[in-house]
Amino acid sequence: MKGLTLSAHGSLEQLQMRDDLPLPSIRQRNEVRLRMRAAALNHLDLFVVGGLPGVTIVPPWVMGADGTGVVDAIGDDVRHVAVGDTVVINPGISDRSCEYCRNGEQPLCVRFGILGEHFPGTIAEYVVVPAANVRSIPASIPADVAAAFSLATLTAWRMIVTRARVLPSDDVLIWGIGGGVAIAALQICKLLGAHVWVTSSSDAKLERARVLGADETINYTTTDVGKVIRDRTGKRGVDVVVDDVGVATWKQSLGALGRRGRLVTCGATSGPMVETDVRRLFWNQWTIMGSTMGNDAEYDAIVGQLRQGRLLPPVDRVFPLGQARAAFERLQNAEQFGKVVIDIANGG
Ligand SMILES: [Zn+2]
């Protein structure tokens, strides 16, 4: 079968299209095999290319965490989907037996892994995954939208709904609108009725965020975001900050955060080592929390939204499978607004 593989950690030069990959087969009674329709990229895929501590790949390593496909074969114990069903994939794989899994908190699993990072990925004609990780969706949902949905929406849902518990009365600041998690966070906050501030270095991206419901926009290249927000809110600040940028934005995030504020982070694309003045932390009674991926109940909740036509991710561009490396270049250059998708079914 065809697939996009990584030959070794390094640059995008290491990405290679192959047409001689073995067809994966079902080995466990609880697995399903999908004939993939489309896959989507996440920043995580760039980290996998560059190499992550503690993650070893065996080349040729199939890339990709997100995707949608049609069930092509099922193990003997699989009941909730059938051959022919169109499904989306939750890319977070857990052992379903540790204490956290037994509590329904799969992303805390002691053996947690992600497709394309710890397990063979989705940018291939076929993929085998645990059936517990797939949900059926109407075949009428466009493949590019379905492919783009899971990782960013699930991550954002857990951050906004479960962790930060955003209320309709909250002001929320979301950094770097244009990325998948940030856009999903904006959509979820607007679904909840919150007042949302977004930032970008691009005025064009800020305009598009307004169309998605952003209430306030700030171009961070020309200004200190924390200061602007304090000025525009009469020094009050916001209730929630969604920061997945890390060192480059941390100080301004805390500058924007009002009393009793909650800061939730799911990443550190600019670097992980940040400074926090503990005196301001306790005086303002802030909560700083981490979040990653989502559990089964959260995945059911977002797929329920998808089935009803809500939280549809904007798709930036669709590349045919044969041009998958160009898709990675677009993501690496941060040119996108929304998700970068790879068409597998028609991609040749
Ligand atoms: Zn577990």
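Per-chain numbering applies: the sequence of each chain, read as written, is numbered from 1 onward. Only residues with pLDDT of at least 70 are given local features in this predicted model, and only at 80 or more are side-chain atom pairs given and counted; all residues enter the totals for whole chains, interfaces and linings. Each side-chain value is derived from all of the structure's non-hydrogen atoms; neither hydrogens nor water enter the calculation.

S.K.: For this particular structure, what's the right way to read the overall build of the chain?
M.R.: Helix and strand definitions here come from DSSP, where helices need a minimum of 4 consecutive H or I residues and strands a minimum of 2 consecutive E residues; each element is numbered from the N-terminal end. When helices and strands are tallied, the chain shows 10 helices and 18 strands. On C-alpha atoms alone, the chain measures out to a radius of gyration of 20 Å, which is about the 20 Å that the 2.2 N^0.38 rule sets for 348 residues. Each principal axis of the C-alpha distribution contributes one length, and for the chain these read about 60 × 40 × 40 Å. The contact criterion used is simple: two residues touch if any of their non-hydrogen atoms lie within 4.5 Å. Long-range pairs, those at least 24 residues apart, make up 69% of the contacts in the chain between residues at least 6 apart in sequence. For accessible areas, the Shrake-Rupley method is used with a probe of radius 1.4 Å. Any residue's cover is judged against the shown protein chains and nothing else. Split by element, the accessible area of the chain, about 15,000 Å² in all, is 50% carbon and sulfur. We take the radius of gyration over the C-alpha atoms and set the globule estimate at 2.2 Å times the residue count to the 0.38 power.

S.K.: Explanation requested: the side chain of T68 in the structure shown.
M.R.: Structurally, T68 can be placed in strand β5 (residues 66-74). Here T68 is in contact with M36, R37, A38, T86, V87, V88, I137, A143, A146 and A147, once residues within four sequence places are set aside.

S.K.: So what exactly am I meant to see when it comes to the pairing of strand β3 (residues 31-40) here?
M.R.: Moving residue by residue along a regular strand, the side chains alternate between the two faces of the sheet. A large share of β3 lies buried, amounting to eight of its 10 residues. In terms of strand pairing, β3 meets strand β9 (residues 126-130) through five bridges, oriented antiparallel. Paired with L34 across the strands is V127, a residue of β9. Pairing between strands is defined by DSSP: at least two bridges between them are needed. As paired elements, β3 and β5 share eight bridges and run antiparallel to each other. Bridge pairing in β5 links R33 to A73. Each residue is assigned to one of three classes by its accessible area relative to the maximum for its type, calculated with a 1.4 Å probe on protein chains only: buried under 20%, partly exposed between the two thresholds, exposed over 50%.

S.K.: I'm lost on helix α5 (residues 203-211) in this one. Help?
M.R.: The α-helix advances 3.6 residues per turn, and as a result positions three or four apart in sequence lie on the same side. Turning to α5, its buried residues number three or more, namely K205, L206 and A209. For α5, the angular spread of buried residues about the axis comes to 100°, placing them on one side. Turned more than 90 degrees away from the buried face of α5, the exposed residues are D203, A204, E207 and V211. Looking at the buried side of α5, the elements it contacts are α4 (180-192), β12 (195-200) and β13 (216-219). Our arc is simply the arc of the directions from the helix axis toward the C-beta atoms.

S.K.: Help me understand the sheet that holds strand β4 (residues 61-62), please; the structure alone is not making it clear to me.
M.R.: Read across the open sheet, the three strands follow the order β2-β1-β4; overall the sheet is antiparallel. Edge positions in the open sheet fall to β2 (15-18) and β4, since each of these has one partner strand only. The sheet contact formed by strand β1 (residues 3-6) and β4 spans two bridges and is antiparallel. Residue pairing across strands places T5 opposite V62, the latter belonging to β4.

S.K.: How do you make sense of unusual backbone geometry when you look at a structure like this?
M.R.: Glycine aside, negative phi is the norm for most residues, and most peptide bonds take the trans geometry. Note that the residue after P59, namely P60, is joined by a cis bond; omega there is -5°. With respect to the helices, strands and loops of the structure, P60 is situated in the loop between α1 (43-50) and β4. A positive phi angle is found at Q285, which is not glycine, with a value near 55°. Locating Q285 in the fold gives a position in the loop between α8 (278-283) and β16 (287-290). If you check the backbone angles, A334 has positive phi at about 55° while not being a glycine.

S.K.: How should the coordination of the zinc ion be read in this particular structure?
M.R.: Four donors placed tetrahedrally around a metal ideally meet at 109.5 degrees, and six donors placed octahedrally ideally meet at 90 or 180 degrees. In this description, a donor is an N, O or S atom within 2.8 Å of the metal centre, a cutoff extended to 3.2 Å for sodium, potassium and calcium. Water is not part of the atom list, which can make sites seem incomplete. Only D95 (OD), C98 (SG), C101 (SG) and C109 (SG) from the protein reach the zinc ion as donors, at distances of 2.1 to 2.3 Å. In this scheme the shape depends on donor count and angles: four donors with every angle between 85 and 135 degrees give tetrahedral, four or six donors with opposite pairs above 155 degrees and others between 65 and 115 give square planar or octahedral in turn, and any other case is irregular. Around the zinc ion, the four donor atoms are arranged such that angles at the metal cover 92 to 127°; this shape is classified as tetrahedral. Donor residues for the zinc ion, ordered by position in the chain, follow D-x2-C-x2-C-x7-C. Side by side, C101 and C109 carry an identical accessibility label, which is buried.

S.K.: In this structure, what is going on with the sheet that holds β12? I would like to understand it.
M.R.: Across a sheet, strands are paired by hydrogen bonds formed along the backbone, either parallel or antiparallel in direction. Strand order across the open sheet formed by six strands is β13-β12-β11-β14-β15-β16, with parallel pairing between neighbours. Bordering the open sheet on either side are β13 and β16, each of which pairs with just one other strand. Here the average twist between neighbouring strands, direction ignored, is 20°. As paired strands, strand β11 (residues 171-174) and β12 are joined by four bridges and run parallel to one another. Within β12, the position partnered with L173 by the bridge is W197. For helices, the fitted axis covers only the stretch in contact; all axes are lines through C-alpha atoms, and the angles between them, taken along N-to-C directions, range from 0 to 180 degrees.

S.K.: Any chance you could explain the pattern of salt bridges here in plain terms?
M.R.: For side chains of opposite charge, pairing can occur when their charged atoms come near one another. By definition here, a salt bridge exists when the distance from a side-chain nitrogen of Lys or Arg to a carboxyl oxygen of Asp or Glu is within 4 Å. On inspection of all chains with the given rule, the structure shows 18 salt bridges. Linking D300 and R135 is a salt bridge whose minimum nitrogen-to-oxygen distance equals 2.5 Å. One end of the pair, D300, is in helix α9 (residues 296-307); the other, R135, is in strand β10 (residues 134-136), and 165 residues separate them in sequence. One network of salt bridges, with partners in common, ties together R29, D76 and D77.

S.K.: Sorry, what's going on with the layout of surface pockets here?
M.R.: Empty space among the atoms can be located by rolling a probe the size of a water molecule over them. Here the term cavity refers to a set of points on a 1 Å grid, laid over the protein atoms alone, in which a 1.4 Å probe fits but cannot get out; the term pocket refers to an open set having protein on both sides within 12 Å along at least five of seven lines, with lining residues being those that place an atom within 4 Å of a point. Grid points are joined across faces, edges and corners, and a volume is the space filled by probe spheres set on the points. In this structure, the largest pocket occupies an estimated 1,100 Å³ of space. Residue lining of the largest pocket: 41 residues in total, with H43, L44, F47, D244 and T269 positioned closest to the centre. When residues of the lining of the largest pocket are traced back to their parent elements, those giving at least two are α1, α3 (143-163), α4, α10 (324-332) and β18 (339-343). For this classification, Asp, Glu, Lys and Arg are treated as charged, while Ala, Val, Leu, Ile, Met, Phe, Trp, Tyr, Cys and Pro are nonpolar and the rest, including Gly, are polar. Looking at the lining of the largest pocket residue by residue, the classes come out as 20 nonpolar, 17 polar and four charged. In this structure, the second largest pocket encloses a volume near 690 Å³. In terms of residue count, β9 provides more of the lining of the second largest pocket than any other element does, five residues in total. Tallied by class, the residues present in the lining of the second largest pocket amount to 19 nonpolar, six polar and five charged.

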